[in-house]
Structure formats: structure tokens, C-alpha cells
Amino acid sequence: MIKVENLKVKFSLDNQTVEALKGVSFHLNQGEILAIVGESGSGKSVSCNAIMGLLPSYATVEGNIFIDEKNIKDLSKEDMRRLRGSTVSMVFQEPSAVLNPLLTVGDQILETVLAHKDVSYKEAKDIVLETMEAVKIPDPERRFYQYPHELSGGLKQRVVIAAAVVNKPKYILADEPTTALDVTTAAGILSLFQDLKQTYNIGILFITHDLGVVAQIADRVVVMYKGEIMEEGDVYQIFDNPKSDYTKKLLSSRVYL
Ligand SMILES: Nc1ncnc2c1ncn2[C@@H]1O[C@H](COP(=O)(O)OP(=O)(O)OP(=O)(O)O)[C@@H](O)[C@H]1O
């Protein structure tokens, strides 16, 4: 389980302080999809980056984050590096910003394997091809040797997801992974996340500002606003019987945040 306890994050820059998180607590189990929903600036990405130990050095962090009962405060930089890409991995909004245009997509997934596993190139390549197949990239043998610009947006995101799952993580933190995609392609990626949850028992933290996406994919939902959690509950409770005024307002306006 990933457990976030009373997390407070402040950014102090040029005599200005932004309180990005004001004491949030939530948890993510393996085998479930937890959506964090909230409007821009509510603290969704900061929560994710804090779990990955990726906040900038000028951030002040209070509270605790446990990954499988290990407090990440007690982990060295090397431990955290090992954890990222093996136990927990991340998928971002814009695959083109993550993929290296100069490397074939196969080699990029392969790098992730070799960074964490002591295997030969041949063994690593087999693992990569198997994973490309699992995330439904058609014709993996051919795609392995292609460069990112040769793939559609949806396929690029599948490559990023392949790199995220290739070392069989327990958790994936997905930060708006479908926002840059058209509706049909996004639907395919959402159903892939559901498959990954079911097939590999992965716990997925899914950040979005889209309530439609929440309804389609989430088991549980955390509603955030200005660095605080307004409400948490299972997806049916949030949609059918919201408790906080903020959630009620969100649902009644059905705005695209
Ligand atoms: N590296 C940073 N330095 C300074 N302030 C930051 C940094 N990262 C985030 N913030 C601030 O923290 C607050 C929360 O930001 P965060 O990116 O978590 O919002 P979000 O809910 O993910 O929004 P969006 O949907 O726009 O991505 C915002 O006020 C933002 O400006």
C-alpha cells in the first residue's frame, strides 16, 4: 500500500510562499484505481511528485509517505532511484515530452529493464517485446525499431506505459495520461489501465480534472481543492451521494475543470 499521511508541501521562492498541500492523507491499495480529481492548482501533481521523491529542493515537506510500510524519508537517494521504475512508476500527460526522439522506442523500454535487472540484452529484449504485446502495441517486433515520431499519440503513450510496467511495478502514478489524446484514443488507454489493474494487480493513482474519466475508471475518488481534500469515497458514493458542497458543485456544473 502507498500511504500519504498529513502531507504538507510549501514552495518558497523569491520571498513568496505557495502552500501547495495543506495536510492531505490518502492511501492507494494494489489492484485498485484511485482517482484524484480537482481543478488546476489543487495539488494533484505535487502529491504525485512527492510520492516519487521528485519535488524540487526548495520545497518544504512535512508529513509522511509510506510505500509498502517504508517511510520514504528513511530511504537513501539510491533506494529511491531503485524504487522508481520498479516498485512505483509514473506515466505523464505528454508522451512526446518523455520519449527521447533519438532512440528507438524498443531501446527506451529496454533501458528501463537494464537499469533495474541484471539480464542480457537478448533477455531484456524478450521482456520488452512481451510487454509491448501486453500493452497492445501491434506488431512489437517491427515497432521495437521505430522512433517516437513514427508512432501516433496513442501508440506513444502505450510505449510510455510499456516502460512503466516492464519491471512489474506494484503501483503506477498516472498524471493526466489521457488529456493530450483524442476521445477514442483516450478510451483505449483507459481500458488498458483497467486491464493492467486486473491482470497484474497494479494499484493506479490516476490524476485527472475530468469527471467523465473518473466515472469510467475509478474505484475510489479523492476530491481536492486548493491543497486540501474535500471528500474521499468510492466512486458510487461520490457520484450518487456526494457529501461535500464542493463535490456537489462540481457534479452539478459538470464542468470540464
Ligand atoms: N515546482 C514548483 N514550484 C513552485 N510552485 C509549484 C511547483 N509545483 C507546483 N507548484 C504550485 O503548487 C500548487 C499545486 O500545483 P499542482 O501542479 O499540484 O496542481 P494540479 O492540481 O496538478 O494542477 P494542474 O491540473 O494544472 O496540473 C500550484 O499553486 C502550483 O503553482
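Procedures and definitions
- Residues numbered from 1 in each chain as written.
- Predicted model: local features only at pLDDT ≥ 70, side-chain atom pairs only at ≥ 80, totals over all residues.
- Helix = DSSP H or I, 4+ residues; strand = E, 2+ residues; numbered from the N terminus.
- Buried ≥ 20, exposed ≤ 12 C-beta atoms within 10 Å, placed from the backbone.
- Contact = placed C-beta atoms within 7 Å.
- Near = placed C-beta within 6 Å.
- Nonpolar A, V, L, I, M, F, W, Y, C, P; charged D, E, K, R; others polar.
- Core = buried A, V, L, I, M, F, W, Y, C linked by C-beta atoms within 7 Å.
- Axes fitted to C-alpha atoms, helices over the stretch in contact; angles between N-to-C directions.
- Left-handed = near helix turned anticlockwise from the far one by under 90°.
- Pairing = 2+ DSSP bridges.
- UniProt positions renumbered as here; feature names shortened; annotations may be inferred.
- Parallel < 35°, antiparallel > 145°, perpendicular 65-115°, else oblique.

Quick look at the overall build of the protein
A count of helices and strands for the protein gives eleven helices and ten strands. On the principal axes, the C-alpha backbone points of the protein span a range of 55 × 40 × 35 Å. Counting over 257 residues, the protein shows a buried share of 39%. A separation threshold of at least 6 residues defines the contact pool for the protein, and within that pool the share at least 24 residues apart is 66%.

Thoughts on the site of the ligand
The ligand sits among 14 residues. The nearest are Ala-20, Ser-40, Lys-44, Ser-45 and Val-46. Counting residues per element, the ones that place at least two in the shell around the ligand are strand 1 (2-13), strand 2 (16-28) and helix 1 (44-51). Of the residues forming the shell around the ligand, the biggest block, three residues, is contributed by helix 1. Looking at the shell around the ligand residue by residue, the class counts come to six nonpolar, seven polar and one charged.

Considering the nonpolar core
Core analysis: the largest hydrophobic core is formed by 68 residues, its most contacted members being Leu-34, Ala-35, Val-159, Ala-162, Ala-174, Leu-205 and Phe-206. Residue contributions to this core peak at eight residues, all from helix 7 (residues 153-165). Setting aside its immediate chain neighbours within four residues, Phe-206 contacts Ile-33, Leu-34, Ala-35, Ala-174, Phe-193, Ile-217 and Ala-218.

Considerations on the packing of helix 4 (residues 105-116) against helix 5 (residues 121-134)
For the pair helix 4 and helix 5, the least separation of the axes is 9 Å and the interaxial angle reads 120°. Crossing of helix 4 against helix 5: the hand is right-handed. Along the contact surface, helix 4 presents Gly-106, Ile-109, Leu-110, Val-113 and Leu-114, while helix 5 presents Ala-124, Lys-125, Ile-127, Val-128 and Thr-131. A per-class count over the contact of helix 4 with helix 5 returns seven nonpolar, two polar and one charged.

As for the environment of Tyr-200
Summarising the element assignment, Tyr-200 is placed in helix 8 (residues 183-200). The class of Tyr-200 is partly exposed, set by 15 C-beta atoms lying within 10 Å. The spacing of Tyr-200 and Gln-30 is 170 residues in sequence and 9.2 Å in space, taken between C-alpha atoms. In contact with Tyr-200, not counting residues within four places along its chain, are Val-165 and Lys-168.

As for the environment of Val-119
Examined against the element boundaries, Val-119 turns out to sit in the loop between helix 4 and helix 5. Here Val-119 is in contact with Val-113 and Ala-124, once residues within four sequence places are set aside.

Section: the pairing of strand 3 (residues 33-38)
Buried residues dominate strand 3, accounting for six of its six residues. Burial along strand 3 is two-sided: the residues Ile-33, Ala-35 and Val-37 and Leu-34, Ile-36 and Gly-38 are all buried. Direction of pairing for strand 3 relative to strand 9 (residues 220-225): parallel, over a ladder of five bridges. Paired with Ile-36 across the strands is Val-222, a residue of strand 9.

Some remarks on unusual backbone geometry
A negative phi angle characterises most non-glycine residues, just as the trans form characterises most peptide bonds. Here the phi dihedral of Asn-6 falls at roughly 45°; this positive angle occurs in a residue that is not glycine. Along the chain, Asn-6 falls in strand 1. Of the residues examined, Asn-6 has 12 C-beta atoms within 10 Å and is grouped as exposed. For Asp-139, which is not glycine, the phi torsion reads 55° and is therefore positive. By the element assignment, Asp-139 lies in the loop between helix 5 and helix 6 (140-143). Owing to 10 C-beta atoms within 10 Å, Asp-139 belongs among the exposed residues under this scheme.

Focus on the UniProt feature "domain: ABC transporter" (unreviewed entry) in the protein
Here, UniProt's "domain: ABC transporter" (unreviewed entry) annotation points to residues 2-251. End-to-end, the C-alpha atoms of residues 2-251 are 28 Å apart, and along that stretch the chain is 40% helix and 28% strand.

Quick notes on the packing of helix 4 against helix 7
Here helix 4 crosses helix 7 at 20°, and the two axes come no closer than 8 Å. Considering their axes alone, helix 4 and helix 7 lie roughly parallel with respect to each other. Handedness of the helix 4/helix 7 crossing: right-handed. Residues Val-105, Gln-108, Ile-109 and Thr-112 of helix 4 touch helix 7, and the partners they reach there are Val-159, Ala-162 and Ala-163. Here the contact of helix 4 with helix 7 is composed, by residue class, of five nonpolar, two polar and no charged.

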